[in-house]
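In case you want the letters, here they are:
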Amino acid sequence: MTLPVDPRERRLDDAARALPRELAPPSELLGLVHDAIASRQVRALPQAAAAPVRTEFPRGLAAAAMLLVGVLIGASGMLLVGRTPASRVASAPADIPSSPALAQFASYDREARDLAARLAERRATLRPETISVIERSLRQIDDALADVRAAIERDPASRSLTDAARRLYNQKLDLLRRSTALSAS
Amino acid sequence: MRPVSAADIPPDPSPDADVIRRAQAGDAGAFTTLYHAHAGRVFALCLRMSTDRVRATELAQDVFVKLWERLPQFRFESSLGTWLHRLAINTILESLRSELRRTARVSATDDDILLAAPAATAPLDVQMDLERAIPLLASGPRQVFVLHVVEGMPADEIATLTGLAPATVRVHLHRARRHLLTLMPQ
């Protein structure tokens, strides 16, 4: 019933079956999985073993680290836009999680910070028009993220809000990755 | 020529049963081992069923969270790879269905399109480039084509899983093949 008669379709099916069974996932996927499991707490990963490559910080130090992350991201945003501190580019909308519900996005923030820093280093290789498009897009995403994060703080149990935040974070990371790749090419 | 059967699927890359049992008991290190054994296979499926790496990453994340949640229910009646493959397909289809419902209610703005646009307008290379052509298919034909031709799932099983009529599955498959052929260099 489903076997093609047309020889061209047969060749197409053959080619499709020959596609690789495995494709390398993005490096951040495992961290995202751990974060999501930790945030849902359905069957919580044991803290010590959940992220073997990470270090557990005392609460105060973790807060200080998050503050530093926020400063760094803000700084990287300023680097990207040159000497225009008023512009808010390549920065996370609210980098210091003020509620446990926002902690699940920590790995996104880390990745965004790294990419923004890399992009800032290569800023000079991009055309001004390109920088302008990137900045505008990042600003739009960050504004939307700020709204969604605020909504999550008010309604931490909302799955749809969490999903919306994940999509926005992924859009931001995707844009930063593509921009970084563009600047490297 | 025949569709790919289960026998065509490469040997299960799962680590031994001991690792699975430790993961079932909550050992995160063992779970990470399982992740590394299966992530490539799961991600390939997610990528081909969706349209871009961003969405595929979200789907793969959902699959592995579900794996963690449901692993205690795994009874060793099949290989973990087979069990996870089914779990992944169900998770992906469920997610794509709800996404379809959501996007039907909310119209995208220009900015959404700008930011979320897959490489749908990118010109195809001279060589047949299925990996780039598959995302250009409409959602239904793409899912049926990937599940049936790439993954080797029987059409009646696809109809059951997706809730589509068998005739609709056949139509989607036909359209997918025809559309892909138009995208391929002659």
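Above: the structure in question.
So, here's what we can say about the structure. Please read these numbers as outputs of a predicted model, since none were measured by experiment.

It is worth spelling out the overall build of chain A at this point. From N to C terminus, chain A includes eight helices and zero strands. Taken from N to C terminus, the helices and strands of chain A fall in the order α-α-α-α-α-α-α-α. Counting every position in chain A, which comprises 185 residues, the buried fraction comes to 45%. A total accessible area of about 9,500 Å² is found for chain A, and carbon and sulfur atoms account for 59% of it.

Attention now goes to the overall build of chain B. The number of helices and strands found in chain B is nine helices and zero strands. For chain B, the N- to C-terminal ordering of α and β elements is α-α-α-α-α-α-α-α-α. For chain B, with 186 residues in total, the buried portion stands at 49%. Across chain B, contacts joining residues at least 24 apart in sequence account for 66% of those joining residues at least 6 apart. Accessible area of chain B: about 8,700 Å², with a carbon and sulfur share of 56%.

A word on helix α6 (residues 106–121) of chain A. When the terminal C-alpha atoms of α6 of chain A are compared, their 23 Å separation across 16 residues agrees well with the 22 Å that a helix rising 1.5 Å per residue should span. Where α6 of chain A is concerned, the buried positions are Ala-106, Ser-107, Tyr-108, Asp-109, Glu-111, Ala-112, Arg-113, Leu-115, Ala-116, Leu-119 and Ala-120 of chain A.

Looking now at the interface of chain A and chain B. Taken residue by residue, the interface counts 50 residues in chain A and 59 residues in chain B. Roughly 5,100 Å² of surface becomes buried between chain A and chain B when both sides are summed, with 61% attributable to carbon and sulfur atoms. Seen at the junction of chain A and chain B, the total is five salt bridges. Arg-178 of chain B is paired through a salt bridge with Asp-6 of chain A; the nearest N and O atoms lie 3.1 Å apart. Linking chain A with chain B are eleven residue pairs in polar contact (both at pLDDT 80 or more), by the criterion used here. At the level of elements, α1 (7–17), α2 (29–40), α3 (47–50), α7 (128–154) and α8 (159–184) of chain A are the ones that each hand at least two residues to the side of chain A that touches chain B. When residues in the side of chain A that touches chain B are grouped by element, the largest group, nine residues, is from α1 of chain A.

Now for helix α1 (residues 17–24) of chain B. All names here are of chain B. For α1, the full list of buried residues reads Val-19, Ile-20, Ala-23 and Gln-24. Taken down its axis, α1 places every buried residue within 140° of arc, on the same side. Gly-26 lies just past α1 and shows a positive phi near 105°.

A pair can form between side chains of opposite charge whenever their charged atoms are brought close. Using the criterion set out here, one finds 20 salt bridges over all chains in the structure. The closest approach of N and O atoms between Glu-135 of chain A and Arg-123 of chain A, which form a salt bridge, is 3.6 Å. You can see Glu-135 of chain A sitting in helix α7 and its partner Arg-123 of chain A sitting in the loop between α6 and α7, a full twelve residues away along the chain. The exposure class assigned to Glu-135 of chain A is buried, which follows from its relative accessible area of 14%. On the basis of relative accessibility, which here comes to 22%, the residue Arg-123 of chain A falls in the partly exposed class. We note a salt bridge from Asp-18 of chain B to Arg-22 of chain B, for which the minimum N-O separation is 3.4 Å. Within this pair, Asp-18 of chain B and its partner Arg-22 of chain B are both found in helix α1, separated by four residues, close to a single helical turn. The class for Arg-22 of chain B is partly exposed, based on a relative accessible area of 35%. Salt bridges here are not isolated pairs; linked through shared partners, they connect Asp-6 and Glu-9 of chain A together with Arg-178 of chain B.

Here the focus is the packing of aromatic side chains. For the coordinates displayed, the defined rule picks out seven aromatic pairs over all chains. Centroid distance Phe-105 of chain A to Tyr-108 of chain A: 6.1 Å. Interplanar angle 50°. Geometry classified as tilted. The exposure class assigned to Phe-105 of chain A is buried, which follows from its relative accessible area of 0%. When the centroid spacing of 4.9 Å and the interplanar angle of 50° are considered together, the rings of Phe-74 of chain B and Phe-76 of chain B count as tilted. Judged by its relative accessible area of 32%, Phe-76 of chain B falls in the partly exposed class.

So, on to the side chain of Glu-9 of chain A. Mapped onto the elements of the fold, Glu-9 of chain A is located in helix α1. Ignoring sequence-local partners within four residues, the contact set of Glu-9 of chain A consists of Pro-4 of chain A together with Arg-177, Arg-178 and Leu-181 of chain B.

This brings us to the nonpolar core. The biggest cluster of nonpolar side chains holds 63 residues, and the ones touching the most others in it are Phe-64, Phe-145 and Leu-180 of chain B. At twelve residues, helix α2 (residues 28–49) of chain B tops the list of elements feeding residues into this core. In terms of domain composition, this core takes at least three residues from each of domain 1 (1–117) and domain 2 (119–186) of chain B. Look past the residues within four positions of Phe-64 of chain B in its chain and what remains in contact with it is Val-33 of chain A together with Phe-31, Tyr-35, His-38, Ala-39, Val-42 and Leu-84 of chain B. Core analysis: the next-biggest nonpolar cluster, separate from the first, contains 22 residues, Ala-101, Leu-119, Leu-126 and Ile-134 of chain A among them.

Cut-offs and rules
Along each chain, residue indices are assigned from 1 in the same order as the chain's sequence is written. Whichever chain is written first is A, and whichever ligand is written first is 1; the rest continue in order. With pLDDT at 70 or above as the cut-off, local features in this predicted model cover only qualifying residues; side-chain atom pairs require 80 or more to be listed or tallied, and sums for whole chains, interfaces and linings still use all residues. Working from all heavy atoms in the structure, the side-chain values ignore hydrogens and water. Secondary structure elements follow DSSP: runs of H or I no shorter than four residues count as helices, runs of E no shorter than two count as strands, and numbering proceeds from the N terminus. Note on classification: 1.4 Å probe, protein chains only; a residue is buried when its accessible area is under 20% of the maximum for its type, exposed when over 50%, partly exposed between these limits. Only the protein chains shown count as cover for residues, with accessible areas throughout obtained via the Shrake-Rupley method and a probe of 1.4 Å. Contact definition: two residues touch when any of their heavy atoms are within 4.5 Å. To estimate the expected span of a helix, subtract one from its residue number and multiply by 1.5 Å. We define buried area as the total accessible area lost by two parts upon association, computed with a 1.4 Å probe and summed across both. Definition used for salt bridges: Asp or Glu carboxyl oxygen within 4 Å of a side-chain nitrogen of Lys or Arg. Each polar contact in these results corresponds to two N or O atoms within 3.5 Å; when the atoms are within protein, one needs to be able to donate a hydrogen and the other to accept it, and residues that are neighboring in sequence are counted only if both atoms are side-chain atoms. It is the directions from the helix axis to the C-beta atoms whose arc is reported. Stacked, edge-to-face and tilted are the three classes for Phe, Tyr and Trp ring pairs, Trp counted by its six-membered ring, which pair at centre distances within 6.5 Å; planes under 30 degrees apart are stacked, over 60 edge-to-face, the rest tilted. Joining through side-chain atoms within 4.5 Å is the link that ties buried Ala, Val, Leu, Ile, Met, Phe, Trp, Tyr and Cys residues into a set, and such a set is a nonpolar core. These domain limits were set by an automatic method or by a database of domain assignments.

Remember that the coordinates give geometry; whether it matters functionally is a separate question.
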